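The chain contents come next:
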Amino acid sequence: MLLYEEFGTGRHRESSLVRHALGGTHDEALVAGLAGGIGFMYFVFEYTGRPPQLTIVAQAHPGSWVRSALDRLRVPYDVAHSAGPRWDRVHAALDAGRPVFCTVDRSGLPWHGAGDEPAGADPYTVVLAGRDGDTLYVEDTAPTPHRIPREEFGAAWSAHRKGRHEMIVPTGPATGDPDVEGAIAATAARLTGPVLGNRFDVNFGFSGMEKLAAHLRDRRTKNGWERRFGTPEAFLAGTRRLYACLEREWTAPGATRPLYADFLDLVGRPAAAALFRESAGHWSRLAELARTAGPDPDPDARRALFDGFATLVEQSLALERRAVAQL
């Protein structure tokens with residue numbers, strides 16, 4: 001039996017999951033904004049024998065999107081952890097009409113597969129939206145839920161070490177008005193930092209944007225894109241990954257900025273919304289330039305492209321500093 005009827009990703013996957021699991025009564029932009037909306041994290045990882053691995057997270061990060069959304073929607077929920085899958089708890093929640101949020105290694109889900117990147121490294125949330133005996137209905141991205149035997153789902157649930165066997169189960173209706181001011185303050189703090197309270201904070205928020213722009217313009221050091229992404233293989237991997245991170249992976253299109261601007265309009269912050277919407281145009285322009293870049297440009301064309309990327313990052317940064325000042 002399915003617990004609800006609306007499935008499929010709208011503009012943002014995790015916000016859609018929360019909205020559907022709560023009965024579809026909340027606007028997707030409201031859910032996204034309350035969960036934290038936007039952020040910025042920039043890292044480049046180096047692995048022997050592989051091109052450098054670019055990672056940008058343009059949405060609120062780190063932290064649980066689901067918990068943040070439920071907390072600020074004032075929706076009560078239970079969290080359970082266990083050493084192994086507790087199917088009795090899963091069945092009890094589903095049989096009581098309560099969907100179950102689970103964190104999995106998505107490479108263990110047959111509709112994704114082992115080739116997805118970065119499949120096992122980051123937490124990936126899905127919703128158990130019903131069951132038929134020992135067959136589970138899983139909401140992920142598709143317009144209809146996926147059917148999967150519980151033991152096969154259990155393997156993916158067990159494979160993600162940090163989220164292993166966690167269950168988040170909403171237990172009732174909202175107990176008050178949404179915490180809009182708390183959500184906005186958290187987003188502003190995430191952009192201005194510190195985020196983690198350690199040496200990696202330089203990679204987050206506005207500092208992370210500054211670092212990305214500096215690396216794009218750097219022609220000399222090993223950290224600069226000129227050296228890191230100078231070979232045809234590395235260049236193609238870097239530009240395609242840049243597009244994915246700003247439009248598809250751990251984000252909504254436009255680096256999540258258009259969705260967050262809609263949230264700000266909903267809660268009466270139109271001036272900041274306009275600035276974030278303008279910034280989104282630069283992020284989307286950057287993503288499109290990355291997507292359409294040829295696989296092996298000559299050095300002058302590559303240099304011009306990296307400088308163009310940097311200019312767009314700097315323009316977005318200036319706009320977002322003004323937006324945060326408005327907030």
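The following refers to the structure shown.

Reading the values: rules and limits
Residues numbered from 1 in each chain as written. Predicted model: local features only at pLDDT ≥ 70, side-chain atom pairs only at ≥ 80, totals over all residues. Heavy atoms only, no water. Axes fitted to C-alpha atoms, helices over the stretch in contact; angles between N-to-C directions. Helix = DSSP H or I, 4+ residues; strand = E, 2+ residues; numbered from the N terminus. Parallel < 35°, antiparallel > 145°, perpendicular 65-115°, else oblique. Left-handed = near helix turned anticlockwise from the far one by under 90°. Contact = heavy atoms within 4.5 Å. Nonpolar A, V, L, I, M, F, W, Y, C, P; charged D, E, K, R; others polar. Expected span 1.5 Å × (residues − 1). Buried < 20%, exposed > 50% of the residue type's maximum accessible area, 1.4 Å probe, protein only. Salt bridge = Lys/Arg side-chain N within 4 Å of Asp/Glu carboxyl O. Phe/Tyr/Trp six-rings, centres within 6.5 Å; stacked < 30°, edge-to-face > 60°. Lys NZ or Arg CZ within 6 Å of the ring centre and 35° of its normal.

## Digging into the packing of helix H11 (residues 270-292) against helix H12 (residues 299-326)
Here is step 1 of the chain: Direction vectors running N to C along H11 and H12 enclose 165°, while the axes themselves pass 8 Å from each other. When the axis of H11 is compared with that of H12, the two are roughly antiparallel. The way H11 lies across H12 gives a crossing that is left-handed. From H11, Ala271, Ala272, Leu275, Phe276, Glu278, Ser279, His282, Trp283, Arg285, Leu286, Leu289 and Ala290 reach across to H12, where they touch Leu305, Phe309, Leu312, Val313, Gln315, Ser316, Leu319, Glu320, Arg322, Ala323, Val324 and Gln326.
Here is step 2 of the chain: Split into classes, the residues belonging to the contact of H11 with H12 amount to 15 nonpolar, 5 polar and 4 charged.

## A closer look at H11
Here is step 1 of the chain: For H11, with 23 residues, the first-to-last C-alpha span of 33 Å sits near the 33 Å given by 1.5 Å per residue.
Here is step 2 of the chain: Those residues of H11 not exposed but buried are Ala272, Ala273, Leu275, Phe276, Ser279, Ala280, His282, Trp283, Leu286, Ala287 and Ala290.
Here is step 3 of the chain: Of the surrounding secondary structure, the elements contacted by the buried residues of H11 are strand E1 (38-45), helix H6 (180-192), helix H7 (205-217), helix H9 (232-247), helix H10 (257-266) and H12.

## Details of the pattern of salt bridges
Here is step 1 of the chain: Within the structure shown, the criterion is met by 23 salt bridges.
Here is step 2 of the chain: Asp262 is the salt-bridge partner of Arg277, the closest N and O atoms lying 2.8 Å from each other. Taken as a pair, Arg277 in helix H11 and Asp262 in helix H10 lie far apart in primary sequence, 15 residues in all.
Here is step 3 of the chain: Owing to a relative accessible area of 35%, Arg277 belongs among the partly exposed residues under this scheme.

## Structural notes on the packing of aromatic side chains
Here is step 1 of the chain: As enumerated under the stated definition, the model contains 14 aromatic pairs in all.
Here is step 2 of the chain: Taken together through their ring pairs, the aromatic side chains of Trp225, Phe229, Phe235, Phe306 and Phe309 make up a single cluster.
Here is step 3 of the chain: Taking the ring centre of Tyr124 as reference, the NZ or CZ of Arg13 above it sits at 3.8 Å.

## As for the packing of H7 against H12
Describing two packed helices takes the angle between their axes plus the distance from one axis to the other.
Here is step 1 of the chain: Between H7 and H12, the least distance of the axes is 8 Å, while the angle of their chain directions is 160°. Judged by the inter-axis angle, H7 sits roughly antiparallel to H12. In the packing of H7 onto H12, the handedness of the crossing is left-handed. When H7 is examined against H12, the residues Phe206, Met209, Glu210, Leu212, Ala213, Leu216 and Arg217 are found in contact with a partner set consisting of Arg303, Phe306, Asp307, Phe309, Ala310, Thr311, Val313, Glu314, Leu317, Glu320, Arg321 and Val324.
Here is step 2 of the chain: Taken together, the residues that form the contact of H7 with H12 break down as 11 nonpolar, 1 polar and 7 charged.

## Describing unusual backbone geometry
Here is step 1 of the chain: In this model, His61 is joined to Pro62 through a cis peptide bond whose omega is -5°.
Here is step 2 of the chain: As for its position among the elements, Pro62 is in the loop between strand E2 (53-59) and helix H3 (65-73).
Here is step 3 of the chain: In this structure, Pro194 follows Gly193 across a cis peptide bond, with omega equal to -5°.
Here is step 4 of the chain: Inspection of the secondary structure puts Pro194 in the loop between H6 and H7.
Here is step 5 of the chain: Although it is not a glycine, His165 adopts a positive phi angle of roughly 65°.
Here is step 6 of the chain: Counting through the fold element by element, His165 comes out in the loop between helix H5 (150-159) and strand E8 (167-170).
Here is step 7 of the chain: Relative accessible area serves as the criterion here: at 3%, His165 is assigned to the buried category.

## Re helix H2 (residues 28-35)
Here is step 1 of the chain: For H2, a buried count of 8 out of 8 residues is recorded, marking the element as mostly surrounded by other parts of the structure.
Here is step 2 of the chain: Buried within H2 are the following residues: Glu28, Ala29, Leu30, Val31, Ala32, Gly33, Leu34 and Ala35.
Here is step 3 of the chain: Trailing H2 by a residue or two, Gly36 shows a phi angle of about 130°, which is positive.

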